Amino acid sequence: MPTPTHFQTFIQESPGWSTLSADLQYANPYLQVFLTTVRTPTRPAGALWTVVHRKAAAVVAPMTPDGCLLLIRQERIPIRAALWEFPAGQIDSPTQNDDAAIRATALRELREESGYELPPTGELIPMGCFYSSPGFTDEHSYLFLARGVVPSPHGPEHDANEAIAECRPFTPAEIRRMIAENEIRDANTLSTFARLTVLGLI
């Protein structure tokens, strides 16, 4: 049966879980859509489910030396709106749980999307991962704090498919207000800020 071999290896079969069938419905370089039948601990006969396999991503919260956090404002076509977000991007590696590739992606997206970089005196602090929408996709994002970022001499290098209008620093208090007033609605950013808060990093 077809399998999503070129995306992630993070999700594995475990006791009580097994894939009985997987029929590829659609694929492109970024995702695969399978109609699957999966045996689960409470459904031994199997459950029919549409599953979207998607590349994992790295999300980075850039913190300046004065304690502000950088957000980018990016157009998102599916919702017809521009959102305030932390920089993020898919991991272009056949081994999606490779620590070096994950960290490299975080640093790449920091520089390309915000125009900032991590100097030798800075820190890239891992904060775990989360599932963006586990009801239909195995997509997961690795979260980082990049502490001590400085402007890159090269500025931002936006991807051709990106439309990033601006990048601005905000204090943690300003971001809390923006979340409370529903100005920040991006799942990556909400999850990353929550992790920063509970870990005592802001």
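The model shown is predicted, which means the values in this text are computed figures rather than measured ones.

## Focus: the environment of Gln25
As for its position among the elements, Gln25 is in strand E1 (residues 18–27). Here the alpha-carbon distance between Gln25 and Arg108, two residues 83 residues apart in the chain, equals 32 Å. Apart from the residues within four sequence positions on either side, Gln25 is in contact with Val33, Phe34 and Leu35. Of the polar contacts made by the side chain of Gln25, one reaches the backbone oxygen of Asp23; its length is 3.1 Å.

## A word on helix H3 (residues 187–198)
Its 12 residues give H3 an end-to-end C-alpha distance of 17 Å, which sits within 8% of 16 Å, the value for a rise of 1.5 Å per residue. Immediately beyond the C-terminal end of H3, within one or two residues, lies Gly200, with a positive phi of roughly 70 degrees.

## Things to note about the pattern of salt bridges
In the structure shown here, the tally under the stated rule is nine salt bridges. The closest approach of N and O atoms between Glu109 and Arg108, which form a salt bridge, is 2.7 Å. Through salt bridges with shared partners, one network takes in Lys55, Asp92, Arg108 and Glu109.

## Focus on the packing of aromatic side chains
Overall, the coordinates contain one aromatic pair when judged by the stated rule. Pairing Trp84 with Phe170 gives two aromatic rings, centres 5.1 Å apart and planes at 75 degrees, and the pair type is edge-to-face. Here Trp84 is found in strand E6 (residues 81–85), whereas its partner Phe170 is found in strand E12 (residues 164–170), with 86 residues between them in sequence.

## Comments concerning unusual backbone geometry
Trans peptide bonds make up the majority, and among non-glycine residues the majority have a negative phi. Positive phi values are uncommon outside glycine, yet Arg80 reaches one of about 55 degrees. Tracing the backbone shows Arg80 in the loop between strand E5 (69–76) and E6. With phi around 65 degrees, Asn182 is a residue other than glycine that occupies positive phi space. Assignment of secondary structure puts Asn182 in the loop between helix H2 (172–180) and H3.

## Some thoughts on the sheet that holds E1
On the basis of which strands lie adjacent, the open sheet formed by three strands has the order E1-E2-E3 and antiparallel pairing. Only two strands of the sheet have a single neighbouring strand rather than two, namely E1 and strand E3 (43–54). Within the sheet, the average angular offset between the axes of one strand and its neighbour, ignoring direction, is 15 degrees. Note that E1 and strand E2 (residues 31–40) share eight bridges and pair antiparallel. Counterpart to Thr19 in the pairing with E2 is Val38.

What counts as what
- Residues numbered from 1 in each chain as written.
- Predicted model: local features only at pLDDT ≥ 70, side-chain atom pairs only at ≥ 80, totals over all residues.
- Heavy atoms only, no water.
- Helix = DSSP H or I, 4+ residues; strand = E, 2+ residues; numbered from the N terminus.
- Contact = heavy atoms within 4.5 Å.
- Polar contact = N/O pair within 3.5 Å; in protein donor to acceptor, adjacent residues only side chain to side chain.
- Expected span 1.5 Å × (residues − 1).
- Salt bridge = Lys/Arg side-chain N within 4 Å of Asp/Glu carboxyl O.
- Phe/Tyr/Trp six-rings, centres within 6.5 Å; stacked < 30°, edge-to-face > 60°.
- Pairing = 2+ DSSP bridges.
- Axes fitted to C-alpha atoms, helices over the stretch in contact; angles between N-to-C directions.

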